[in-house]
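Listed below, chain by chain, are the residues.
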Amino acid sequence: MQLKIGVHYEPSNVDPHLGAAELALQMTQGCLDTLVNKTVEGAVLPGLALDWTVSEDQCRYAFTLRDDVVFHDGTPFDGAAVKASLDRARDPANASQLAGSLLGSYRETRVLAPHRIEIVLDRPYALFLDALSQGWLAPMSPRAMQEAGPGFMLPVGTGPFIFDRWDKGDRLVIRRNPAYAWAPGLVETDGPAHLDEIHFLFLSDEAARTAALKAGTVDAIFATAPADCAGLRADGRFQVITQPVRGVPVSLMMNIKRGATRDLAVRQALSQGLDVDALVAQVFHGEFERAFSPVSQFTLGCAEDLRGLYPHDPARAAALLDAAGWLAGDDGLRRRDGEVLTLDFLALPVNSYPEFGAIVTEQLGRLGVRVNVVLLSPPDWIRAGMQGEHGLIPQGKFASSSQLLGFVYHSRHSGPGSYGWSKRGPEDHARIDALIDAAETCLDPADYVPLFEEVQREVMQAALAIPLHCNTNLIAARKGLAGLRFDAIGAYPLFHDTTLAEEA
């Protein structure tokens, strides 16, 4: 049984330890297992680790590992594999784009016995188990890592599917692991998956993806064009699976270290000058919900009281810009000391970012703000965001709870070369760091949720970002597709239970 899925671009790499493309993990999550698993409610379940204990100071995690698991290349899974994987993700020489930072205060892994390890942290990091539940930190074969050498590699994990091939420019293929017998408690199928193969076909054009589904070239498509969803639902042959993705919603990050957005009044003016409701409605045709906070409303720990903090008010926005010295000239453009208020909006050619750029350009143009939309390839876009070459840049982050706010907004993740794209330093709105530091010592949601709610309020008061929309997986498929599940984040499909009925 072969499942063909049309996807919206071709990632530059599929190495979970070193890369950061969400689609890469969506395609290869089936090749991987994680040490632990997490539920939507926040419970942590066994995975490749059978059990664990946490020291009183929260700096030592002792894990008992399964002893019946084998990597796809025949290498036995053990403590040495976990150590090699985490060390590889953390090694600065490997320039991990995401996984290394997810490890937080990780110091080392000690192998106490073949299937017994202790992971040592430099300081308490309550997000640690959450991080280990994500495919970015899935153990991979030490032999495969050694043979690959430095740089990106293909995923050789322990999951229900084996990486088969990557035909550049065409497709990526994973195939069923017939030896699989260690499924997580998140799924129903204990043994091998039902599907024999999954083919991910690279179809970057939205219309082409929808056309391929209608023609039967593919059985399902990721990132379905929102404008096509109503018609597909009305067509009796198809279904549209809507899965909210939890975490940091796509937000227009404002670089507080570059250009006009260094000024709080300018950032507040932009927050009130943009008509976010109109933007979301125009781009997503009612399929995505507007976001109001640095955490989406589907996510554990969202501060619901932030709705309406920055209502659309062009007059108020203009007054703020006037007070900041950015005055409109005869041509309608705002200038201060002879300089036109100009913002570089860095966009990917996917995820509706070009549409965002066009709408933001038009809306802010009414305020006298010039916006330059710059389209970049995914690697160049990530590099530019990390180096702070933007004025405005869309950014979201998938996460199972508000705990991942620190990854986007703490100053230690926001400097040059880091993933926090407000680029704030420790001297900027310092209470944000203090709150995150306190929250990251709390293991119980009852303790960390109130602290992260305060973080959200501080971020919005500082106008570091304009929340745009909550992420949503829109997967259109023929009606024979069943049993598709998602992880606790809602982003990454679990194909263990998936079946595909033959067309009638």
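The present account deals with the structure reproduced in this document. (Residues numbered from 1 in each chain as written. Predicted model: local features only at pLDDT ≥ 70, side-chain atom pairs only at ≥ 80, totals over all residues. Heavy atoms only, no water.)

1. Side note on the sheet that holds strand β8 (residues 161-167)
Across the sheet, seven strands lie side by side as β8-β9-β10-β1-β11-β21-β12; this open sheet has mixed pairing. For this open sheet the edge positions go to β8 and β12 (238-244), each flanked by a neighbour on one side alone. Bridge analysis of strand β1 (residues 2-7) against strand β11 (residues 220-221) gives two bridges, and the strand direction is parallel. Looking across to β11, one finds that Gly6 is bridged to Ile221. (Pairing = 2+ DSSP bridges. Helix = DSSP H or I, 4+ residues; strand = E, 2+ residues; numbered from the N terminus.)

2. Quick word on the side chain of Thr28
Tracing the backbone shows Thr28 in helix α1 (residues 22-28). Under the relative-accessibility criterion, Thr28 is labelled buried at 0%. Beyond its immediate stretch of four places on either side in the chain, Thr28 contacts Val14, Pro155, Phe163 and Leu172. (Buried < 20%, exposed > 50% of the residue type's maximum accessible area, 1.4 Å probe, protein only. Contact = heavy atoms within 4.5 Å.)

3. Some words on helix α7 (residues 226-234)
Of all the residues in α7, the buried ones are Pro226, Cys229 and Leu232. All buried residues of α7 lie within an arc of 90° about the axis, which places them on one face of the element. Exposed positions of α7 whose direction lies more than 90 degrees from the buried face are Ala230 and Ala234. The elements touched by buried residues of α7 are α6 (206-215), β12, α9 (276-284) and β21 (472-478). (Arc of directions from axis to C-beta.)

4. Structural notes on the packing of helix α8 (residues 264-273) against helix α10 (residues 314-323)
Where α8 contacts α10, the axes come no closer than 8 Å and their chain directions differ by 165°. In terms of orientation, α8 and α10 fall into the roughly antiparallel class. Considering only the axes of α8 and α10, their crossing is left-handed. Where α8 abuts α10, its residues Ala265, Val266, Gln268, Ala269, Gln272 and Gly273 lie against Pro314, Arg316, Ala317, Leu320 and Leu321. By residue class, the composition of the contact of α8 with α10 is seven nonpolar, three polar and one charged. (Axes fitted to C-alpha atoms, helices over the stretch in contact; angles between N-to-C directions. Parallel < 35°, antiparallel > 145°, perpendicular 65-115°, else oblique. Left-handed = near helix turned anticlockwise from the far one by under 90°. Nonpolar A, V, L, I, M, F, W, Y, C, P; charged D, E, K, R; others polar.)

5. So, the environment of Met153
You can see Met153 is positioned in the loop between α5 (142-148) and β8. For Met153 and Asp228, which are 75 residues apart along the polypeptide, the C-alpha to C-alpha distance reads 36 Å. Filtering out sequence-adjacent residues up to four positions away, Met153 remains in contact with Val14, Asp15, Arg88, Met140, Ala144, Met145 and Ala148.

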